[in-house]
Amino acid sequence: MAIHKIILASFQICLLIQFSHGATKERLFSDLEKGALDVTAKPSRQGVLDAGIDKLSITWKLSSTAKTQASFKTIKVKLCYAPVSQVDRPWRKTENELFKDKTCPHKIITKAYNKSSQSFKYTLERDIPTGTYFVRAYAVDAKDHEVAYGQSTKEAKTTNLFSVQAISGRHKSLDIASICFSVFAVLALLVFFVNEKRKAKIEQSK
Amino acid sequence: MASNEEGSIGTSLHGVTAKEQVFSFSADASSQIVPSDDPTAKFALPVDSEHRAKVFNPLSFAKPHMRAFHLGWVSFFTCFISTFAAAPLVPIIRDNLDLTKTDIGNAGVASVSGAIFSRLAMGAVCDLLGARYGTAFSLMLTAPMVFTMSFVTGPVGYLAVRFMIGFCLATFVSCQYWTSVMFNGKIIGLVNGCAGGWGDMGGGVTQLLMPMVFHVIKLAGATPFMAWRIAFFVPGFLQVVMGILVLTFGQDLPDGNLSTLQKSGQVSKDKFSKVFWFAVKNYRTWILFVLYGFSMGIELTINNVISGYFFDRFNLKLQTAGIVASSFGMANFFARPFGGYASDVAARLFGMRGRLWILWIFQTVGALFCIWLGRANSLPIAILAMILFSIGTQAACGALFGVAPFVSRRSLGLISGLTGAGGNFGSGLTQLLFFSSSRFSTAEGLSLMGAMAVLCTLPVAFIHFPQWGSMFLRPSRDGERSKEEYYYSSEWTEDEKQQGLHEGSIKFAENSRSERSRKVALADFPTPESGTLTNV
C-alpha cells in the first residue's frame with residue numbers, strides 16, 4: 001500500500017511539474033526577422049578545413065533592410081550544419097521551435113550589438129565534427145530571446161558552404177598503451193593455462 | 001510443508017537450476033564430483049554431500065563457494081560494463097567518427113549479436129575446461145577488443161569492435177554454471193537470481209561510469225575526441241584485473257580445480273546430438289526464446305539507446321543523461337531476484353499456472369510502460385515511466401527462469417543457453433527494426449518496441465504441460481500423461497530407459513511435483529510431505 005501511495009504522489013508531482021513548464025516554449029524560428037544582419041564567413045584557405053588549425057574570418061553588420069534593430073542587445077554567432085550534414089542524423093535536425101532546433105550547436109562568439117561592421121577571426125575548435133557548415137548570427141534582445149538573424153548562406157543553405165575535417169582523436173601513445181595492455185592480457189591467460197596444465201601433468205605422473 | 005523440501009526445484013528464481021549437473025554434456029552429477037579424503041569440516045559454509053554450499057551468505061568471501069559467487073557475478077558485471085560502455089558516449093563518438101543513425105543502430109545490433117553464439121559455445125567450454133577458464137577466456141580474450149577502441153576511425157571499425165566486445169556476454173553462462181556447481185539446489189534459485197541480476201546491473205553502472213570517467217579525463221586536459229578513447233581503458237583494465245583474480249583466487253569445483261583433481265566415478269556424459277534434438281523439438285523452448293527476447297532483449301536494447309535518448313530529447317548534459325539512464329539498469333539489483341521470488345510464491349499457491357501468469361503479467365506491464373516512455377513529453381514523466389518499465393521487464397526476466405528449468409531435464413543446460421541467446425536475438429531484432437534508421441524517431445521506436453513486446457508475450461499462453469496445465473487449460477485428465485514422470489522420461493528412448501540413463505529425470509520429476517497447485521498437491525500424494533527426497 002505504501003508503494004501505491006508513493007507512486008501516486010510522484011505521479012501527481014510529475015504532472016504538476018509538466019504543466020508548469022508548458023507555457024514558455026513556443027518561440028518559433030519562422031517568427032524571427034530574416035536577413036537582418038549581413039554575415040560573411042571566409043575560410044583561411046581553399047579546400048577542406050582542418051579542425052583545430054584553420055581559421056574563419058567572420059564579419060557581420062546590420063543589413064539595410066533590417067527593421068527590428070531597436071531591440072538588439074547582443075549578437076550570438078554560431079557554426080551551423082548544412083542540410084547535407086543533417087541527413088540520417090536526427091540529433092542535428094532543424095526544427096521550427098527554437099528550443100528544439102539543433103541546427104547551430106557550436107558557439108563561435110557572443111558580442112554586444114554594434115550597428116557598424118564587426119568581425120572575428122575564429123579558429124575551428126578541436127571538437128568540431130567532420131561536416132559541411134555555414135555561419136549564422138542571431139540578434140538577441142535584453143530578455144535573451146532571439147529577435148532576428150543573418151547567415152552566410154542563402155535561405156536554401158546550399159551556397160557558400162565550407163567543409164571541415166575533424167581531428168581523429170587518436171594518438172600514438174594511446175595506440176602503444178592499447179597494444180601493451182592487450183598483449184599482457186593474452187599472455188597472462190596463456191601463462192596461467194600452460195602452468196596449470198604442467199602442474200596437472202606432474203600431479204598425474206606422481 | 002511439502003513445498004519447503006521440494007523448494008529445491010521450486011525456488012528457481014533464475015538460471016540453470018537443478019540439483020545436479022546442469023550442462024548439456026553430462027547428465028550424471030557424479031561425473032565431476034570427486035570424493036575427497038577430508039570431510040566437510042574444511043569448508044567455511046555448511047555443505048551437502050556433493051560439497052555444494054547449503055547456505056548463501058553474500059557478505060562472505062570464503063573459499064571456495066562464496067568466492068566463486070563473487071568472482072562470477074563481478075566478472076559478468078564487468079563484461080556488461082564493457083559491452084555497453086560505448087552507449088552513453090555515443091553523442092561524442094558519433095561526432096568523432098562521423099556516424100549516422102544507421103551506423104549507430106547497426107553497431108548496437110552488432111554489440112549484442114556476438115553473444116548469441118558465444119553463449120552457446122560457453123557451455124561446452126565450461127564442461128571441458130571448467131568455469132574458471134570459461135570466465136577467464138571470456139574476460140582476457142575480449143579485453144584486447146576493448147582496448148582496440150582507441151584505433152577506431154570510422155563506422156566500420158566502430159561496428160567491428162563493438163561486435164567483438166559483445167562476445168564477452170558469454171560470461172553469463174560461465175557465471176551461472178559456476179554457481180550451479182558450487183551451491184545446493186535448494187538455494188540455487190536465489191543465488192542465480194542474485195548473480196544474474198547483479199551482473200545485469202553493469203549495464204546501468206556503465207551509463208554512470210563512462211560519462212564520469214570521460215569528464216575527468218577532459219578536465220585533465222584531453223580533447224573530447226581523445227578523452228572518450230582513453231575512457232575505454234577503464235573497462236578494459238577492469239576486465240584484465242578480474243581475469244587475473246579469477247585465475248588466481250577462483251576454484252572450479254568445491255574440492256579443487258578441474259585439471260588437478262583426479263576424476264573418478266562414472267563418467268556418463270550424454271550425447272550432444274540427443275540433448276540438442278530434445279531441446280529443439282520441444283516447442284516450449286522456442287516460446288521461451290521469443291519471450292526472453294522481449295524481456296532481456298529489450299533490456300539490452302535500452303542499455304544501448306536510453307542514454308542518447310535522454311541526451312537528445314530532453315537536452316540533458318552527458319553526465320545527467322547517464323545518471324538518468326543508469327537507473328534503468330540499476331533496478332536489476334532487486335527487480336530480477338524479485339521476479340524469481342514472485343514466481344516461486346505463485347508456484348506455491350497455484351503451481352505452474354501461477355508461474356506462467358506471473359511471467360505474462362510482469363512482461364506485459366513492463367512493455368506497456370515502455371510504450372508510455374516513448375510517448376512521455378516531459379522529463380519527470382519519462383523517468384517515472386522508465387523506472388516502472390525497468391522493474392516490470394527485469395522481474396519478467398527473473399520469472400522466466402522460474403519456468404525454464406521445468407521445460408526439460410535432459411536438455412536443461414542447452415535450453416537455458418538457447419533462451420539466453422534468444423535474449424540477444426530479441427535485442428538485435430528490436431534495434432534493427434526500430435533504432436537503426438531514420439524512419440522512426442527514438443521516441444516512436446520505444447513505443448513501437450513496447451507494443452511489439454506486448455504482442456510477443458502472448459505466446460506464453462501456449463506453454464502447456466500435460467501434468468500441470470497452462471494459463472487457461474487444465475492438466476491432462478489421462479492417468480499416464482498427467483504424471484510428471486511421463487513428461488520427463490519421454491525425453492529418453494526405450495533403449496536408454498532400459499539402461500537406466502533416465503534415472504536423473506525420474507528423480508527430478510518427483511521433486512517437480514511442487515509445481516502442481518496447492519490443492520492438487522495436498523489432495524493426491526501423501527508421500528511428498530514425508531520428505532522422501534534423496535540427494536537434494
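Residues numbered from 1 in each chain as written. Chains lettered and ligands numbered in written order. Predicted model: local features only at pLDDT ≥ 70, side-chain atom pairs only at ≥ 80, totals over all residues. Heavy atoms only, no water.

Identification of chain B as Major facilitator superfamily (MFS) profile domain-containing protein from Eruca vesicaria subsp. sativa is taken from an unreviewed UniProt entry. For chain B, the Subcellular location (unreviewed entry) comment in UniProt is given as "Membrane". Comment text from UniProt for chain B, heading Sequence similarities (unreviewed entry), reads "Belongs to the major facilitator superfamily. Nitrate/nitrite porter (TC 2.A.1.8) family." (UniProt positions renumbered as here; feature names shortened; annotations may be inferred.)

The name an unreviewed UniProt entry assigns to chain A is High-affinity nitrate transporter, from the organism Eruca vesicaria subsp. sativa. Quoted straight from UniProt, the Function (unreviewed entry) entry for chain A says "Involved in nitrate transport." In the Sequence similarities (unreviewed entry) part of its UniProt record, chain A is described as follows: "Belongs to the NAR2 family."

A. Spotlight on the overall build of chain A. When helices and strands are counted, chain A shows two helices and nine strands. N-terminal to C-terminal, the α/β element order of chain A is α-β-β-β-β-β-β-β-β-β-α. Burial analysis of chain A (206 residues in total) assigns 37% to the buried set. Across chain A, every contact between residues at least 6 apart in sequence was considered, and the portion connecting residues at least 24 apart equals 74%. With the model as given, the accessible surface of chain A reaches about 12,200 Å², and the carbon-plus-sulfur share is 60%. (Helix = DSSP H or I, 4+ residues; strand = E, 2+ residues; numbered from the N terminus. Buried < 20%, exposed > 50% of the residue type's maximum accessible area, 1.4 Å probe, protein only. Contact = heavy atoms within 4.5 Å. Areas by Shrake-Rupley, 256 points an atom, 1.4 Å probe, with all protein chains shown as cover.)

B. View of the overall build of chain B. Regarding its fold elements, chain B presents 25 helices and zero strands. Among the 536 residues that make up chain B, the fraction classed as buried is 65%. For chain B, the proportion of contacts with a sequence separation of at least 24, taken over those separated by at least 6, is 79%.

C. The state of the cysteines, seen in detail. Across all of its chains, the model carries one disulfide over all chains by this definition. Through a disulfide, Cys80 of chain A is tied to Cys104 of chain A; the S-S separation comes to 2.1 Å. Here the S-S torsion is close to 105°, and the disulfide linking Cys80 of chain A with Cys104 of chain A is therefore right-handed. Of the two residues, Cys80 of chain A sits in strand E4 (residues 74-81) while Cys104 of chain A sits in the loop between E4 and strand E5 (106-112), which places them 24 residues apart along the sequence. Both residues of the pair, Cys80 of chain A and Cys104 of chain A, belong to the buried class. Cysteine Cys397 of chain B is unpaired, with the sulfur of Cys370 of chain B as its nearest cysteine sulfur at 13 Å. (Disulfide = S-S within 2.5 Å.)

D. A look at helix H20 (residues 412-434) of chain B. Here H20 of chain B spans 33 Å end to end across 23 residues, near enough to the 33 Å set by a 1.5 Å rise per residue. Where burial is concerned, most of H20 of chain B is hidden: 19 out of the 23 residues are buried. (Expected span 1.5 Å × (residues − 1).)

E. Focus on the interface of chain A and chain B. Each partner contributes residues to the interface: chain A has 44 residues there, and chain B has 49 residues. Carbon and sulfur atoms supply 69% of the area that chain A and chain B bury against each other, a total of about 4,000 Å² over both sides. The three residues of chain A that bury the most area against chain B are Asp88, Trp91 and Leu189 of chain A, which together make up 16% of that side's buried surface. Summed over the shared surface of chain A and chain B, the result is three salt bridges. At the boundary of chain A with chain B, the tally comes to 15 residue pairs in polar contact (both at pLDDT 80 or more). Among the secondary structure elements, those contributing two or more residues to the side of chain A that touches chain B are helix H1 (2-22) and helix H2 (172-205) of chain A. A per-element tally of the side of chain A that touches chain B places H2 of chain A first, with 17 residues. (Buried area = accessible area lost by both parts, 1.4 Å probe. Salt bridge = Lys/Arg side-chain N within 4 Å of Asp/Glu carboxyl O. Polar contact = N/O pair within 3.5 Å; in protein donor to acceptor, adjacent residues only side chain to side chain.)

F. Fine view of H2 of chain A. A rise of 1.5 Å per residue sets the reference length of H2 of chain A, with its 34 residues, at 50 Å; its end C-alpha atoms lie 49 Å apart and thus fit the reference within 8%. Within H2 of chain A, burial applies to Leu174, Asp175, Ser178, Ser182, Ala185, Ala188, Leu189, Glu196 and Ala200 of chain A. In the core, the buried residues of H2 of chain A are packed alongside helix H6 (131-147), helix H11 (224-231) and helix H12 (233-249) of chain B.

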